[in-house]
Amino acid sequence: GAVVSQHPSWVICKSGTSVKIECRSLDFQATTMFWYRQFPKQSLMLMATSNEGSKATYEQGVEKDKFLINHASLTLSTLTVTSAHPEDSSFYICSARSFTSGNEQYFGPGTRLTVT
Amino acid sequence: KQEVTQIPAALSVPEGENLVLNCSFTDSAIYNLQWFRQDPGKGLTSLLLIQSSQREQTSGRLNASLDKSSGRSTLYIAASQPGDSATYLCAAPSGGANNLFFGTGTRLTVIP
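Here's a quick rundown of the structure. For clarity, every value in this text was computed on a predicted model and none was experimentally measured. (Residues numbered from 1 in each chain as written. Chains lettered and ligands numbered in written order. Predicted model: local features only at pLDDT ≥ 70, side-chain atom pairs only at ≥ 80, totals over all residues. Heavy atoms only, no water.)

### Focus: the interface of chain A and chain B
Here comes step 1: Facing the 18 residues of chain A at the interface are 19 residues of chain B.
Here comes step 2: In total, chain A and chain B occlude about 1,400 Å² of area from one another, counting both sides; carbon and sulfur atoms represent 52% of this.
Here comes step 3: Scanning the region where chain A abuts chain B turns up zero salt bridges.
Here comes step 4: Seen at the junction of chain A and chain B, the total is four residue pairs in polar contact (both at pLDDT 80 or more).
Here comes step 5: For the side of chain A that touches chain B, the class distribution of residues is eight nonpolar, six polar and four charged. (Contact = heavy atoms within 4.5 Å. Buried area = accessible area lost by both parts, 1.4 Å probe. Salt bridge = Lys/Arg side-chain N within 4 Å of Asp/Glu carboxyl O. Polar contact = N/O pair within 3.5 Å; in protein donor to acceptor, adjacent residues only side chain to side chain. Nonpolar A, V, L, I, M, F, W, Y, C, P; charged D, E, K, R; others polar.)

Right under this line is the structure:
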């Protein structure tokens, strides 16, 4: 149980285009989802927290207009990188939490974004 | 804001050795701490979750301890195997916040 999937697992896009990444909780209802970013040889940094049906809360330094987060249902959250640039190339990982999971977060396998 | 530090940054040991990975955190008002494993280019695998009321958790050859008062946690790996080679991350929330703050990890290499 407690499986989180991400799609796509990797994506290459051209500079200036937008890319959408999906995060799904497969066997539980995710009341809260988190989006992290990991640059090469660095640790994960939280980008934003989203609760189902409400606006995401962004961490300091993360542009909300550039990284659009939607958590429209209890099993799906999406991260859209708008007008992507090469510096947005990174590994994006989502996690999810449910009422029954207590404080534990379950992590997705990540999405490798490369912007050329 | 929580700051998580992991020492050492990298560790190389011969197969069969027991080893300890260290994690320290600045905000001791945590309700849990998690240890993860990350293989190159992959996502996170949760290893152990220690609740604040617990002092340690065990899973197979892994044992994690938590000392909130000193802001420290350790991950003990017994009888290391080459398959244990990976980066190990610890993560702790900040006070009552939901989000996790990650350390920079310890990159472990177990030499056959």
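Still to come is the rest of the account.
### Side note on the pattern of salt bridges
Residue and element names in this part refer to chain A.
Here comes step 1: All chains considered together, the criterion is met by four salt bridges over all chains.
Here comes step 2: Arg-24 is the salt-bridge partner of Glu-22, the closest N and O atoms lying 3.4 Å from each other.
Here comes step 3: Accessibility expressed as a relative area gives 24% for Glu-22, which makes it partly exposed.
Here comes step 4: Here Arg-24 falls in the partly exposed class, since its relative accessible area comes to 34%.
Here comes step 5: For Lys-66, the salt bridge is made with Asp-88, and the minimal N-O distance between the two is 2.9 Å. Linking Lys-66 in the loop between strand S6 (57–58) and strand S7 (67–73) with Asp-88 in the loop between strand S8 (76–81) and strand S9 (90–97), this pair joins segments that are 22 residues apart in sequence. Asp-88 carries the same exposure label as Lys-66, and that label is buried. (Buried < 20%, exposed > 50% of the residue type's maximum accessible area, 1.4 Å probe, protein only. Helix = DSSP H or I, 4+ residues; strand = E, 2+ residues; numbered from the N terminus.)

### Details of the state of the cysteines
Two cysteines, two sulfur atoms, one covalent bond between them: this is a disulfide.
Here comes step 1: Tallied over the full model, the rule gives two disulfides over all chains.
Here comes step 2: Covalent S-S linkage joins Cys-23 of chain A and Cys-94 of chain A, the inter-sulfur distance amounting to 2.0 Å. As the torsion about the S-S bond is roughly 80 degrees, the Cys-23 of chain A-Cys-94 of chain A disulfide counts as right-handed. You can see Cys-23 of chain A sitting in strand S3 (residues 19–25) and its partner Cys-94 of chain A sitting in strand S9, a full 71 residues away along the chain. There is no split in this pair, since Cys-23 of chain A and Cys-94 of chain A are both buried.
Here comes step 3: The residue that forms a disulfide with Cys-23 of chain B is Cys-90 of chain B, at a sulfur-sulfur distance of 1.9 Å. Disulfide Cys-23 of chain B-Cys-90 of chain B: the torsion about the S-S bond is 70 degrees, which places it as right-handed. You can see Cys-23 of chain B sitting in strand S3 (residues 19–25) and its partner Cys-90 of chain B sitting in strand S9 (residues 86–93), a full 67 residues away along the chain.
Here comes step 4: Under the relative-accessibility criterion, Cys-23 of chain B is labelled buried at 3%.
Here comes step 5: With no disulfide of its own, Cys-13 of chain A has Cys-94 of chain A as its nearest cysteine by sulfur position, at a separation of 18 Å.
Here comes step 6: Residue classification places Cys-13 of chain A among the buried residues on the basis of a relative accessible area of 9%. (Disulfide = S-S within 2.5 Å.)

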